[in-house]
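Summary of structural features
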Amino acid sequence: MSELLVTVERGQLIESIHRGDIAIVNAQGEVISSVGDIEKVVFARSSMKPLQTIPIIETGAADHYQFDDGDLALACASHNGEKQHTERAASILSRLDLEVAHLKCGMHPPRRQEAFEELIKSGGNVTPIHNNCSGKHSGMLATAQHMNESVDDYYKIDHPVQQRILTVISELTDVPMEDIQIGIDGCGVPVHGIPLRNLALGFARMADPSELEESRQQSIRRVTTAMMNAPEMVGGTSRFCTDFMKHMGGKMFGKVGAEGVYCVGVPKAGIGIAVKIEDGNARATSAVIMEILSQMDLIDEQEAGALESYHYPPLLNARKELVGMLKPVFSIYETAR
């Protein structure tokens, strides 16, 4: 069962707790360390986006439509809806000769409040391009357009776009396609349920693809390099994904998923880390990730200092006064270097 990972402390009391599970796996599928139940099947949610981006490259769409690092990073993103994100998504659609209306992700206000306020002040309207998944959907449209497939139903599980994604996920996580649980994600495309251990394996192989065929190695490295070179596209201002990769300086890549999922790939160590918070509260994920990396001696003092607010997320009142914090309270029992 899940184990206690994080306490939420206010004053002298533990006000709340977050239980969860952790899997740390190498590219050969060996479990380096674990906490809780790593065989639990979880929906990877947006943590799967880096794997979902691989077919954009392997179909030739990325080269045909001149995707740079920023474009590929946006395809991996759960972005804030800032101008830097919406303008790049619009640029991709323009290269495809498609419109915002072709995005089937639905719409919601920009995730960053300042971006929403700017949109309102400018007299603009919320459209699907502000959806945090518009980059992923633009990438899916790119593959469909390049392969001369329908762009109207690319989001459905039986469409070739989704079947290519399903194949890549199966190959990288060692889960047979027929055993991958399928649901519908918040943006309307299929979401994939696999054991947490296998999700960590997928990120381990993204971190160390050296045992895969050469073309797959090149595709993977192009995706992960893009994320680390353009981290501002993956999340945005004041987001852990962006700040984490920025301060890691090309040493690691990470991706959040809804309902308390977070995954990290560490190329130097050749490992993947997958975390699931049992109650789905994402506020605990950065504390868990930072604590894992600290216990494994994978971050240095300067990096730890720059990311301290994510390691021990503060609780602030309406006057912005510190009234408590989140604290990781688990041990992974082993260290890796």
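For the structure, check the block above.
Please read all numbers here as calculations on a predicted model, not as lab measurements.

Our focus in this paragraph is unusual backbone geometry. Of note in the backbone geometry, Gln66 takes a positive phi value of approximately 55 degrees without being a glycine. Along the chain, Gln66 falls in the loop between α2 (61–64) and α3 (69–75).

Taken in spatial order, the three strands of this open sheet run β4-β6-β5, and their pairing is antiparallel. Each edge of the open sheet is held by one strand with a lone partner, namely β4 (41–43) and β5 (181–184). Taken over all neighbouring pairs, the strand axes of this sheet differ in orientation by 30 degrees on average, direction set aside. Of the pairings in the sheet, the one linking β4 to strand β6 (residues 190–195) comprises three bridges and is antiparallel in character. Looking at β6, one finds that Val42 is bridged to Ile194. Strands β4 and β6 of the sheet are contacted by helix α8 (residues 196–207), whose axis makes an angle of about 105 degrees with β6.

Let's shift gears to the environment of Gly186. Position of Gly186 relative to the elements: it lies in the loop between β5 and β6. Along the backbone, Gly186 and Ala258 are 72 residues apart, and their C-alpha atoms lie at a distance of 9.0 Å.

This paragraph deals with the environment of Val35. Following the sequence through the fold, Val35 ends up in strand β3 (residues 31–35). Residues Val35 and Met1 lie 34 residues apart in sequence; the distance between their C-alpha atoms is 9.2 Å.

A few words on the side chain of Asn132. By the element assignment, Asn132 lies in the loop between α5 (113–121) and α6 (134–146). Setting aside anything within four residues of it in sequence, one finds Asn132 in contact with Lys49, Ala77, Ser78, His79, His108 and Arg111.

With that out of the way, let us pick up α8. A rise of 1.5 Å per residue sets the reference length of α8, with its 12 residues, at 16 Å; its end C-alpha atoms lie 17 Å apart and thus fit the reference within 8%. Counting buried residues along α8, 11 of its 12 residues qualify, which places the element largely inside the surrounding structure. Turning to α8, its buried residues are Leu196, Asn198, Leu199, Ala200, Leu201, Gly202, Phe203, Ala204, Arg205, Met206 and Ala207.

Structurally, Leu315 is set in strand β10 (residues 314–316). Judged by its relative accessible area of 11%, Leu315 is buried. In this structure Leu315 touches Val8, Glu9, Arg10, Arg283, Glu321, Leu322, Val323, Gly324, Met325 and Leu326, once residues within four positions along its chain are discounted.

With that settled, the discussion passes to a nonpolar patch on the surface. Among the surface-exposed residues, Leu4, Ile14, Ile17 and Val329 lie close enough to one another that they form a single nonpolar patch of about 330 Å² accessible area. For Ile14, a relative accessible area of 53% translates into the label exposed.

Thresholds applied
- Residues numbered from 1 in each chain as written.
- Predicted model: local features only at pLDDT ≥ 70, side-chain atom pairs only at ≥ 80, totals over all residues.
- Heavy atoms only, no water.
- Helix = DSSP H or I, 4+ residues; strand = E, 2+ residues; numbered from the N terminus.
- Pairing = 2+ DSSP bridges.
- Axes fitted to C-alpha atoms, helices over the stretch in contact; angles between N-to-C directions.
- Contact = heavy atoms within 4.5 Å.
- Expected span 1.5 Å × (residues − 1).
- Buried < 20%, exposed > 50% of the residue type's maximum accessible area, 1.4 Å probe, protein only.
- Patch = residues over 30% accessible without salt bridge, like charges linked within 9 Å, V, L, I, M, F, W, Y side chains within 5 Å.
- Areas by Shrake-Rupley, 256 points an atom, 1.4 Å probe, with all protein chains shown as cover.
- Salt bridge = Lys/Arg side-chain N within 4 Å of Asp/Glu carboxyl O.

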